[in-house]
Amino acid sequence: MNDPAPVLTERRGGLGVLTLNRPKAINALTHQMVQVITAALNEWAKDPSVDGVAITGAGERGLCAGGDIVAFYNDAVNGTDHSIAFWRDEYRMNALIADYPKPYLALMDGIVLGGGVGVSAHAEYRVVTERSRIGMPEVGIGLIPDVGGTWLLSHAPGELGTYAALTGDQFGAADAIELDLADVLVSSDRLPALLDRATEIGIPTAVAEFAEPVPDAPLAAQREWIDQAFGHDEVGEILAAVDDDLRTKIASKSPSSLVLTLRALRSARHMNNLTDALDQEFAIVSQLLRSHDLREGIRAQVIDKDRNPMWAPPAIDVIDLTP
């Protein structure tokens, strides 16, 4: 029996619909999926009968849990470089989405992590639901927030993006909107009707019609202390400024990734555009592919699942912080 297509592409009137179709893997992105998405977007951009594009995920668990990190691990262990080609094409896809010439609607229902943020948070129309759990958890596996994550998080209000990047936390709908990773809240059971309506009246009008009131964001109430504690330019200074529980959480991540992430965020904040940030991310992750912490982080999370990574170096205070 043939495996199902990992991305379904279809036309619904003037709407092009992309459905990520690996539900057992929470639609984690493969290189093939990136290539299919890119080809469809390029085709629809030139097709005058296509008025807009929507992306959604198959299954009940989420839009996309990120990239295929087992493939990253295999490259890291075997000394191969398939991930380099994957990242190159993925980042080009992220830039294409950000500059897409037609309305692009992302339905960010359920889990949306890492690469899932890349196919959604750069969209013109970003819809979250009561089930959304959105985050960039890369520091927990020895990487940095990529797919344009350093650009997005460095331009979040105040230091909320720094907080999100260094904790690797997942956020609900209201906080995702507060972080400027999403725009509109729609109940998950209304998403099929939203897509149907978008085929009838277009994406912008349909999104406005379905938008629901957004509850207060928990992050907004914490903004003052987050801005103060995470405004430092060294991870050690941030750790000294937070409480014991948060210090323990952050310190459990890869020390090297924390340092690189903070530097990448500060650099991206002053860049002119997303493409420059993607170029910086590509240079960093290409080097990290050969790092101990990437192998160890993925091993601990998804290979052996012992959740006990042995980072090298083991702590921030033994890293050479010289630029």
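Residues numbered from 1 in each chain as written. Predicted model: local features only at pLDDT ≥ 70, side-chain atom pairs only at ≥ 80, totals over all residues. Heavy atoms only, no water.

Packing of helix α6 (residues 160-167) against helix α13 (residues 244-251) leaves a shortest axis separation of 8 Å and a crossing angle of 60°. Classified by the angle between their axes, α6 and α13 sit oblique to one another. Two secondary-structure elements touch here, α6 through Y163, L166 and T167 and α13 through L246, K249 and I250. Broken down by class, the residue content of the contact of α6 with α13 amounts to four nonpolar, one polar and one charged. (Axes fitted to C-alpha atoms, helices over the stretch in contact; angles between N-to-C directions. Helix = DSSP H or I, 4+ residues; strand = E, 2+ residues; numbered from the N terminus. Parallel < 35°, antiparallel > 145°, perpendicular 65-115°, else oblique. Contact = heavy atoms within 4.5 Å. Nonpolar A, V, L, I, M, F, W, Y, C, P; charged D, E, K, R; others polar.)

The next thing to look at is the nonpolar core. If you look at the biggest cluster of nonpolar residues, it comprises 85 residues, and the most contacted ones within it are L18, L20, W87, Y104 and F230. The leading source of residues in this core is helix α3 (residues 82-98), at seven residues. Those residues in contact with W87 that sit more than four places away from it in its chain are F72, L143, D146, F282, V285, S286 and L289. Counting 17 residues, the second largest nonpolar core, distinct from the first, contains L15, V17, L105 and A206. (Core = buried A, V, L, I, M, F, W, Y, C linked by side-chain atoms within 4.5 Å. Buried < 20%, exposed > 50% of the residue type's maximum accessible area, 1.4 Å probe, protein only.)

In space, the three strands of this open sheet follow the order β5-β7-β8, with mixed pairing throughout. Looking at the sheet topology across the chains shown, the edges are occupied by β5 (111-113) and β8 (170-171). Examined bridge by bridge, strand β7 (residues 133-135) and β8 share two bridges and lie antiparallel to one another. Along β8, the bridge assignment pairs I134 with F171. (Pairing = 2+ DSSP bridges.)

Before going further, it helps to examine the environment of S154. Inspection of the secondary structure assignment puts S154 in helix α5 (residues 149-154). Placed 25 residues apart in sequence, S154 and L179 show a C-alpha to C-alpha distance of 10.0 Å. Setting aside anything within four residues of it in sequence, one finds S154 in contact with G149, L265, A268 and R269. A distance of 2.7 Å separates a polar atom in the side chain of S154 from the backbone oxygen of T150. (Polar contact = N/O pair within 3.5 Å; in protein donor to acceptor, adjacent residues only side chain to side chain.)

This paragraph deals with unusual backbone geometry. Between A312 and the following residue, P313, the backbone shows a cis peptide bond with an omega angle of 0°. Positive phi outside glycine occurs at D180, with the angle close to 60°.

A few words on the layout of surface pockets. Empty pockets left among the atoms are what a rolling probe the size of a water molecule brings to light. Empty space within the largest pocket amounts to approximately 920 Å³. Lining the largest pocket are 36 residues, with A65, I69, L113, P137 and V302 positioned closest to its centre. Among the elements of the structure, α2 (69-78), α3, β5 and α16 (292-303) are those that each provide at least two residues to the lining of the largest pocket. Looking at the lining of the largest pocket residue by residue, the class counts come to 18 nonpolar, ten polar and eight charged. In this structure, the second largest pocket occupies an estimated 340 Å³ of space. What lines the second largest pocket is a set of 17 residues, and nearest its centre among them are T56, G57, G59, D109 and L191. Elements that contribute at least two residues to the lining of the second largest pocket include exactly β3 (52-57) and α8 (191-201). In terms of residue count, α8 provides more of the lining of the second largest pocket than any other element does, four residues in total. Of the residues belonging to the lining of the second largest pocket, the class tally is five nonpolar, five polar and seven charged. (1 Å grid on protein atoms, 1.4 Å probe; cavity = no way out; pocket = protein on both sides within 12 Å on 5 of 7 lines; lining within 4 Å. Points joined across faces, edges and corners; volume = space filled by probe spheres on them.)

Here we take up the sheet that holds β3. Strands belonging to one sheet form pairs held by backbone hydrogen bonds; the direction of such a pair is parallel or antiparallel. With respect to topology, six strands assemble into an open sheet ordered β1-β2-β3-β4-β6-β9, the strand pairing being mixed. Edge positions in the open sheet fall to β1 (7-12) and β9 (184-185), since each of these has one partner strand only. Alignment of β3 against strand β4 (residues 104-108), held across three bridges, turns out to be parallel. When the sheet's bridge partners are listed, V53 is paired in β4 with Y104.

Let us look at the packing of α2 against α16. Two quantities define a packed helix pair, namely the angle between the helix axes and the distance between the axes. Orientation of α2 relative to α16, taken along the N-to-C sense of each, is 135°, at an axis distance of 9 Å. For the element pair α2 / α16, the angle class is oblique. In the crossing of α2 with α16, the sense of the turn from one axis to the other is left-handed. Here I69, V70, F72, Y73, A76 and V77 of α2 come into contact with α16, specifically with L294, R295, I298, R299, V302 and I303. Looking at side-chain class alone, the contact of α2 with α16 contains ten nonpolar, no polar and two charged residues. (Left-handed = near helix turned anticlockwise from the far one by under 90°.)

In short, geometric facts, not functional conclusions.
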